[in-house]
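Structural description and commentary
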Amino acid sequence: VCLTGRLTAVFSSSMEVEVLVEQEDVATGKRTLCLEALLVFVNVGDDGRPCKAPPLLLETEEDHERFREASERRRQRIERNKTKRTRIAKNGATD
């Protein structure tokens, strides 16, 4: 099993990492994609609270495109969470 990670975006304190999981045939070296995941992490300071993350240097057009895509996913995630919080406040229940 081979895991490859790539930092796609850094925001204020959070960052998105793309992870690919591949199986590798040891006889042929051929790799097959098993899983692709997008993980969000938060930079935490010594006090256990979120703190500013260092910026990501975008060097290529592909880097810029990945950042734009990550920004849109973040916008959608924030909107979903806002909607969910409103629904919970209104109904007092979760999904």
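The structure this text deals with has already been given above.
Residues numbered from 1 in each chain as written. Predicted model: local features only at pLDDT ≥ 70, side-chain atom pairs only at ≥ 80, totals over all residues. Heavy atoms only, no water.

Below, the discussion takes up the overall build of the protein chain. For the protein chain, the helix and strand inventory stands at one helix and three strands. Listing every helix and strand of the protein chain by position from the N terminus yields β-β-β-α. Its C-alpha atoms give the protein chain a radius of gyration of 18 Å, clearly above 12 Å, the size a compact globule of 95 residues would have. By principal-axis analysis of the C-alpha atoms, the protein chain measures approximately 60 × 35 × 30 Å. Taking all 95 residues of the protein chain together, the buried fraction comes to 19%. In the protein chain, the proportion of contacts linking residues at least 24 apart, taken out of those at least 6 apart, comes to 38%. When the accessible surface of the protein chain is totalled, it reaches about 7,300 Å², and 53% of it is carbon and sulfur. (Helix = DSSP H or I, 4+ residues; strand = E, 2+ residues; numbered from the N terminus. Rg over C-alpha atoms; globule rule 2.2 N^0.38 Å. Buried < 20%, exposed > 50% of the residue type's maximum accessible area, 1.4 Å probe, protein only. Contact = heavy atoms within 4.5 Å. Areas by Shrake-Rupley, 256 points an atom, 1.4 Å probe, with all protein chains shown as cover.)

A few words on the state of the cysteines. Here a disulfide denotes a covalent bond joining the sulfur atom of one cysteine to the sulfur atom of another. Scanning the entire structure with this criterion turns up zero disulfides. Unpaired in terms of disulfides, Cys34 finds its nearest cysteine sulfur in Cys2, a separation of 9.5 Å. Classification of Cys34 as partly exposed rests on a relative accessible area of 48%. (Disulfide = S-S within 2.5 Å.)

Along the chain, Ser14 turns up in strand β2 (residues 14-24). On the basis of relative accessible area, Ser14 is assigned to the buried category, the value being 14%.

Following the criterion strictly, the structure yields one aromatic pair and no others. Centroid distance Phe11 to Phe67: 5.8 Å. Interplanar angle 35°. Geometry classified as tilted. In this pair, Phe11 is assigned in the loop between β1 (2-10) and β2 and Phe67 in helix α1 (residues 61-91), connecting sequence segments 56 residues apart. On the basis of relative accessible area, Phe11 is assigned to the buried category, the value being 14%. Just above the ring of Phe11 sits the side chain of Arg74; from NZ or CZ to the centre is 4.6 Å. (Phe/Tyr/Trp six-rings, centres within 6.5 Å; stacked < 30°, edge-to-face > 60°. Lys NZ or Arg CZ within 6 Å of the ring centre and 35° of its normal.)

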